[in-house]
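# Coordinate analysis (summary)
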Amino acid sequence: MKNLNFHPAGRHFLHIPGPSPVPDRLLRALSYPTIDHRGPEFALLARQVLSGIAQVFQTQHPVVIYPASGTGAWEAALVNVTNPGDEVLMYETGHFASLWSQLAARIGLKPEIVALPGNCSQTGFPNSWRRGVQADLIERRLREDSQHKIRAVCVVHNETSTGVTSDIASVRRAIDAAGHPALLLVDTISGLGSADYRHDEWGVDVSISGSQKGLMLPPGISFNALSERAIERSKLSTMPRSFWAWDEILQANQAGSWPYTPNTNMLYALVAAIDMLINEGLDSVFARHQRLATACRQAVHAWGLEVQCAEPSAYSPVLTGVVTPPDVDADGVRKIIYEHFNLSLGTGLGKLKGRMFRIGHLGECNDLSLLAALTGCEMGLRLAGVSLSGSGVSAAMTYLASTSSVQARYHAP
Ligand SMILES: *Cc1c(COP(=O)(O)O)cnc(C)c1O
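Residues numbered from 1 in each chain as written. Predicted model: local features only at pLDDT ≥ 70, side-chain atom pairs only at ≥ 80, totals over all residues. Heavy atoms only, no water.

## Brief notes about helix H6 (residues 168-177)
- For H6, the buried fraction is high: seven of the 10 residues fall into the buried class.
- Considered for burial, the residues of H6 that qualify are Ile168, Ala169, Ser170, Val171, Arg172, Ala174 and Ile175.
- Where H6 begins, the capping side chain belongs to Asp167, and its oxygen is found 3.2 Å from the backbone nitrogen of Ala169.
- With its phi angle positive at about 60°, Gly179 sits one or two positions after the end of H6. (Buried < 20%, exposed > 50% of the residue type's maximum accessible area, 1.4 Å probe, protein only. Helix = DSSP H or I, 4+ residues; strand = E, 2+ residues; numbered from the N terminus. Polar contact = N/O pair within 3.5 Å; in protein donor to acceptor, adjacent residues only side chain to side chain.)

Now the structure itself:
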């Protein structure tokens, strides 16, 4: 038998854009004893979790928590506000947006895809997979829909397959400008806790998120943040649903419980994760991500490679997509980096398979862990025979050193 317990010395560098590395404090919280989920102690935990997560979504409205991956929360958002056969307008920013529209079709909705037309002349990638949501295309389509058949507009905030972040407030403005009653559903599965996200201020009706990206938890829980209108719409929705139905959950939450067994240990870790984010300050968390993302892009530019996102105002603070030269298999490069340097990078998804890889710089990431990841990439690219125009690590070091400051630290009171 092969020894399956073997693993290389030192820590593994998990730089895929989710799951992201789980901080030690959260791993410890996961190990607390599982308690009675209908007892008084649990109700306290539930209240802490529900009010804390609302702060992270920047909302005054309820947030529903599911013991499911992000995909479950995608389905939940749709089934609570639609009727069978409804039309939904879904903007294609990349692979995740495309998966969400496939899910919509499978549950009996009629997704209509809206996307920027054409392909990029340099890379051949769809233009829509290199840029943020173009709100004017949504507005134009909604204006044509004079009978208001479209029930919801669905967009991905941070497209994890490409490293492009969209302007959600502009989508709300487009819906309002068209005078259309469609609800705004936003996937911020990889945005929440890393990129600025404002559920209430941006007028989002349902925000969808998950645990294993910016929240730094293991995979396993997901969220629907609601609006008044979404709750009202859900009361009229005729879509069959039970596990995902908001009404029973919202009612049970009032008493600090769930209609079924919640994943208690994940909730312990969630309270700790929220505490970490709120203590650092959401603005500082977002600024930290922006700075690391800038350093990463400087590295890619110094290598002479291209960033997948072609629109600087839409650069993702969460991850960077790196386009490899046409004759280089990006997955081959990833394999070398993994095997030689114990570093995991994200693969190119869907239409980008083999053409690019993704560097995650979200959650539990700092200057030195990013530099280590970039070093692994640089060595691996060279080993794969890619000719680089310069040292990306050196460029990132220069940027990080010049923008560094004394770091805030915890002091015992
Ligand atoms: C990770 C991710 C998903 C899928 O979530 P699962 O937890 O894998 O079900 C969906 N959308 C985006 C933008 C993601 O990053």
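Additional details are given in the paragraphs that follow.
## A closer look at the UniProt feature "binding site: substrate" (unreviewed entry) in the protein chain
- UniProt marks Arg358 with the feature "binding site: substrate" (unreviewed entry), using the numbering shown here.
- Those residues in contact with Arg358 that sit more than four places away from it in its chain are His15, Pro17, Thr160, Ser161, Leu319, Thr320, Gly321, Leu345, Gly346, Thr347 and Leu349.
- At 2.7 Å, the side chain of Arg358 forms a polar contact with the backbone oxygen of Thr160. (UniProt positions renumbered as here; feature names shortened; annotations may be inferred. Contact = heavy atoms within 4.5 Å.)

## Quick word on the domain arrangement of the protein chain
- Its domain assignment divides the protein chain into domain 1 (13-20 + 281-402) and domain 2 (24-279).
- Computed from C-alpha coordinates alone, the two centres of domain 1 and domain 2 are separated by 27 Å.
- Taken together, the contact pairs 33 residues of domain 1 with 38 residues of domain 2.
- For the pair domain 1 and domain 2, the summed buried surface comes to about 2900 Å²; carbon and sulfur atoms form 57% of the total.
- Across the contact surface, domain 1 and domain 2 share two salt bridges.
- Between Arg130 and Glu306 there is a salt bridge, with its nearest N and O atoms 2.8 Å apart.
- At the junction of domain 1 with domain 2, the criterion picks out 18 residue pairs in polar contact (both at pLDDT 80 or more).
- If you list the elements that add at least two residues to the side of domain 1 that touches domain 2, you get helix H10 (282-303), strand E11 (306-307), strand E12 (319-323) and strand E14 (356-360).
- The biggest single contributor to the side of domain 1 that touches domain 2 is H10, with four residues.
- When grouped by side-chain class, the residues that make up the side of domain 1 that touches domain 2 number 18 nonpolar, nine polar and six charged. (Domains from an automatic or database assignment. Buried area = accessible area lost by both parts, 1.4 Å probe. Salt bridge = Lys/Arg side-chain N within 4 Å of Asp/Glu carboxyl O. Nonpolar A, V, L, I, M, F, W, Y, C, P; charged D, E, K, R; others polar.)

## A short note on the site of the ligand
- Around the ligand sit 13 residues, and of these Ser69, Thr71, Thr160, Asp187 and Lys213 come closest.
- Between an oxygen atom of the ligand and a side-chain N or O atom of Thr71, the distance comes to 2.5 Å.
- Within the side chain of Asp187, an N or O atom sits 2.7 Å from a nitrogen atom of the ligand.
- The leading source of residues in the shell around the ligand is helix H3 (residues 70-81), at three residues.
- Taken together, the residues of the shell around the ligand sort by class into four nonpolar, seven polar and two charged. (Near = heavy atom within 4 Å.)

## Quick look at the packing of aromatic side chains
- Scanning all chains against the criterion turns up eight aromatic pairs.
- On the numbers, 5.2 Å between centres and 65° between planes, the contact of Tyr32 with Tyr268 is edge-to-face. Placement of the pair is Tyr32 in the loop between helix H1 (24-30) and helix H2 (40-57) and Tyr268 in helix H9 (residues 264-280), with a sequence separation of 236 residues.
- In this structure Tyr32 comes out as partly exposed when scored by relative accessible area, which is 43%.
- Judged by relative accessible area, which is 13%, Tyr268 ranks as buried.
- Centre to centre, the rings of Tyr66 and Trp244 are 5.0 Å apart; their planes meet at 75°, and the pair counts as edge-to-face. Of this pair, Tyr66 sits in strand E2 (residues 63-66) while Trp244 sits in the loop between helix H7 (228-236) and helix H8 (246-254), and the two are 178 residues apart along the sequence.
- Tyr66 gets classed as buried once you look at its relative accessible area, which sits at 0%.
- By the ring-pair criterion, three or more aromatic residues cluster together here, those being Tyr66, Phe243, Trp244 and Tyr260. (Phe/Tyr/Trp six-rings, centres within 6.5 Å; stacked < 30°, edge-to-face > 60°.)

## Observations concerning the UniProt feature "domain: Aminotransferase class V" (unreviewed entry) in the protein chain
- Those places that UniProt annotates as "domain: Aminotransferase class V" (unreviewed entry) correspond, in this numbering, to residues 36-303.
- Regarding residues 36-303, the helix share stands at 44% and the strand share at 15%, and the terminal C-alpha atoms are separated by 54 Å.

## So, the packing of H2 against H9
- Two elements in contact, H2 and H9, have axes whose closest approach is 9 Å; the angle formed by their N-to-C orientations is 45°. Classified by the angle their axes make, H2 and H9 are oblique. Between H2 and H9 lies a crossing of left-handed hand. Only Thr264, Leu267, Tyr268, Leu270, Val271, Ile274, Leu277 and Ile278 of H9 make contact with H2, whose side of the interface consists of Phe42, Leu45, Gln48, Val49, Gly52, Ile53, Gln55 and Val56.
- Among the residues making up the contact of H2 with H9, the classes are represented as 12 nonpolar, four polar and no charged. (Axes fitted to C-alpha atoms, helices over the stretch in contact; angles between N-to-C directions. Parallel < 35°, antiparallel > 145°, perpendicular 65-115°, else oblique. Left-handed = near helix turned anticlockwise from the far one by under 90°.)

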